[in-house]
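Examining the three-dimensional arrangement
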Amino acid sequence: MGANDIDPNTGTTPRFVSRGFTGRARRARSARLPPGQYDVGTGFPVLSAGPTPNTHLSRWDFTVQGQVDQVRHYSWAEFRSLPREDVEVDIHCVTSWSKFDTRWEGVSVDTLLGDVESEAEYALAFSDGGYTTNLPLADLTGGRAWVVDTYDGAPLRPEHGGPARLLVPHLYFWKSAKWVRGLVLGEVEELGFWERFGYHRYGDPWRQQRYAGD
Amino acid sequence: MLSVTAETPTASRLRLAVHDWAGHDAGQHVDVRLTAPDGYTAQRSYSIASPPQAPHLDLVVERLEDGEVSGYLTEELRGGDLLELRGPIGGYFVWPATAAGPVQLIAGGSGVVPFLSMLGHHRATRSETQVRLLYSARSEADLIGTGELAGAGISTTVTLTRAAPPGWEGLRRRVDVTMLAEHTLAPERSPLVFVCGPTSFVETVAAGLLSLGHDQSRIKTERFGATGGP
């Protein structure tokens, strides 16, 4: 048994069978479930590295900064007045739970970037509480990412990232930064909080990119 | 797998000999992966209970209702079996061996497991850092790591939330702000605070610590298990 000899891409090298393990709890495994994930059903686990921040909406804003022609600020009222979208997606946490058909409402990152002119290829999302996470800018645009403030028809609860969080459902959920307050665009990729602690810099659940080197 | 022993009525201690173990920091975890004959796999993360100095690796696994992985680890697994591990993982929720200032640990249920590693490390390194532990458990029988805690040589406060034995003179309620104020290091001392337990426990404790004046950047949390509603 070695600690580091699993091939995370195939999950089959070396072939290893756990004596007596049948996977008794497995259900018909959905094609929507990435490898190594299980369906958490109606649960919705909460994971974060520190206390839940509490930012009053009068002090909340969302900023697009960094390598941009001009910094964009949205107050809460301005954010709320932007065109909104309903989003129904599956989400996948690196701790191996997935949740199907989650319903959110918010503003597309395409809308927040609007007329921003930038040569940047990367974004660093930053949050109340000091959390950050890095993403290629291309993964935030083209209708693939949102800043959401509603879950299942109700205001997003603080422990799930309220008042607003990033939603990037095609990547592991730590990329969907809770309590998000803005994006820093740049030409160079700067690693975020978990990424500096050994998590994968991209985080594709379908390729099991959990940790650096996967 | 060297041995699987009952730690509490619902938790087992897995003692492993790991070839080529690169060592770990107190507070880190491992991913355990199980593979069925047809290739189906399931994996979960478990905190390491043993200190870096131990010659073996201990995990304490709480059996969850309907737990596919925890059920196997606590009921099927036995000494001599092989287990597929990955790790150590996590560099955030770890004992700050070089950090100055006192440390406050606050555990709910099996949230005490990473603290057992930290306390073992504290003892093994003869650290003079002041450490306090506040540990909330359902009952005396549910206490994990009683052997380690008895030998840790630190100030430990236990509160029992459901049942207390006859003659129990300790605390017997859920952790609240009053308890935090009376039984944890004061914010004026700027302790580094680690909180580990189910989500609702961590939310309550972290909010209580903030209201007492602790700096949010000095509070590290790890949540597990219980799933909250939307």
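The paragraphs below set out a description of the structure included in this document. The shown structure was predicted, so the numbers you read here are calculated from the model rather than taken from an experiment.

How each quantity is defined
- Residues numbered from 1 in each chain as written.
- Chains lettered and ligands numbered in written order.
- Predicted model: local features only at pLDDT ≥ 70, side-chain atom pairs only at ≥ 80, totals over all residues.
- Heavy atoms only, no water.
- Helix = DSSP H or I, 4+ residues; strand = E, 2+ residues; numbered from the N terminus.
- Rg over C-alpha atoms; globule rule 2.2 N^0.38 Å.
- Buried < 20%, exposed > 50% of the residue type's maximum accessible area, 1.4 Å probe, protein only.
- Contact = heavy atoms within 4.5 Å.
- Areas by Shrake-Rupley, 256 points an atom, 1.4 Å probe, with all protein chains shown as cover.
- Disulfide = S-S within 2.5 Å.
- Buried area = accessible area lost by both parts, 1.4 Å probe.
- Salt bridge = Lys/Arg side-chain N within 4 Å of Asp/Glu carboxyl O.
- Polar contact = N/O pair within 3.5 Å; in protein donor to acceptor, adjacent residues only side chain to side chain.
- Pairing = 2+ DSSP bridges.
- Axes fitted to C-alpha atoms, helices over the stretch in contact; angles between N-to-C directions.
- Core = buried A, V, L, I, M, F, W, Y, C linked by side-chain atoms within 4.5 Å.

Re the overall build of chain A
In terms of helices and strands, chain A carries three helices and 11 strands. What you see in chain A, going N to C, is helices and strands ordered as β-β-β-α-β-β-α-β-β-β-β-β-β-α. Its C-alpha atoms give chain A a radius of gyration of 18 Å, near enough to 17 Å, the size a compact globule of 214 residues would have. Its C-alpha atoms give chain A principal-axis dimensions of roughly 60 × 35 × 30 Å. Within chain A, the fraction of its 214 residues that count as buried is 56%. Long-range contacts, defined here as pairs at least 24 residues apart, represent 67% of the contacts in chain A between residues at least 6 apart. A total accessible area of about 9,400 Å² is found for chain A, and carbon and sulfur atoms account for 50% of it.

Overview of the state of the cysteines
Following the criterion strictly, the structure yields zero disulfides over all chains and no others. Unpaired in terms of disulfides, Cys93(A) finds its nearest cysteine sulfur in Cys196(B), a separation of 15 Å. When its relative accessible area of 7% is taken as the criterion, Cys93(A) is described as buried. On the basis of relative accessible area, Cys196(B) is assigned to the buried category, the value being 2%.

Observations concerning the environment of Ser96(A)
Counting through the fold element by element, Ser96(A) comes out in the loop between strand S4 (85-92) and strand S5 (97-108). The class of Ser96(A) is buried, set by a relative accessible area of 1%. The sequence separation of Ser96(A) and Leu57(A) amounts to 39 residues, and the corresponding C-alpha distance is 33 Å. Those residues in contact with Ser96(A) that sit more than four places away from it in its chain are Gly36(A), Gln37(A), Tyr38(A), Arg210(A), Gln43(B) and Arg44(B).

Thoughts on the interface of chain A and chain B
Between chain A and chain B, the residue contacts involve 47 residues of the former and 49 residues of the latter. Of the roughly 4,500 Å² buried between chain A and chain B, counting both surfaces, carbon and sulfur atoms make up 52%. Put simply, Glu76(B) and Arg19(A) hold a salt bridge, and the shortest N to O gap is 2.9 Å. Connecting chain A to chain B are 15 residue pairs in polar contact (both at pLDDT 80 or more).

Considerations on helix H1 (residues 68-76) of chain B
Residues and elements named next belong to chain B. The element H1 is largely enclosed, with a buried count of seven among its nine residues. Residues of H1 that are buried include every one of Glu68, Val69, Ser70, Gly71, Tyr72, Leu73 and Thr74, and no others. Buried positions along H1 lie against strand S1 (3-6), strand S2 (11-16), strand S3 (29-35), strand S4 (41-47) and strand S5 (57-62).

A closer look at the sheet that holds S4(B)
All names here are of chain B. Strand order in the open sheet formed by three strands is S4-S3-S6, and the pairing between neighbours is antiparallel. The open sheet has two free edges, formed respectively by S4 and strand S6 (84-89), since each of these has just one partner strand. Each strand of the sheet is rotated relative to its neighbour by a mean of 20 degrees, with strand direction disregarded. Of the pairings in the sheet, the one linking S3 to S4 comprises seven bridges and is antiparallel in character. Looking across to S4, one finds that leucine 34 is bridged to alanine 42. Lying on the sheet, H1 is in contact with S3 and S4; it crosses S4 at an angle near 75 degrees.

Details of the nonpolar core
All names here are of chain A. The biggest cluster of nonpolar side chains holds 39 residues, and the ones touching the most others in it are Phe62, Phe79, Leu140, Leu166 and Leu185. Elements with a contribution of two residues or more to this core: strand S2 (61-66), helix H1 (76-80), helix H2 (109-113), strand S6 (122-127) and strand S11 (180-186). Other than its neighbours up to four places away in sequence, leucine 140 contacts Val109, Asp110, Ala123, Leu135, Ala145, Leu166, Val168 and Leu183.

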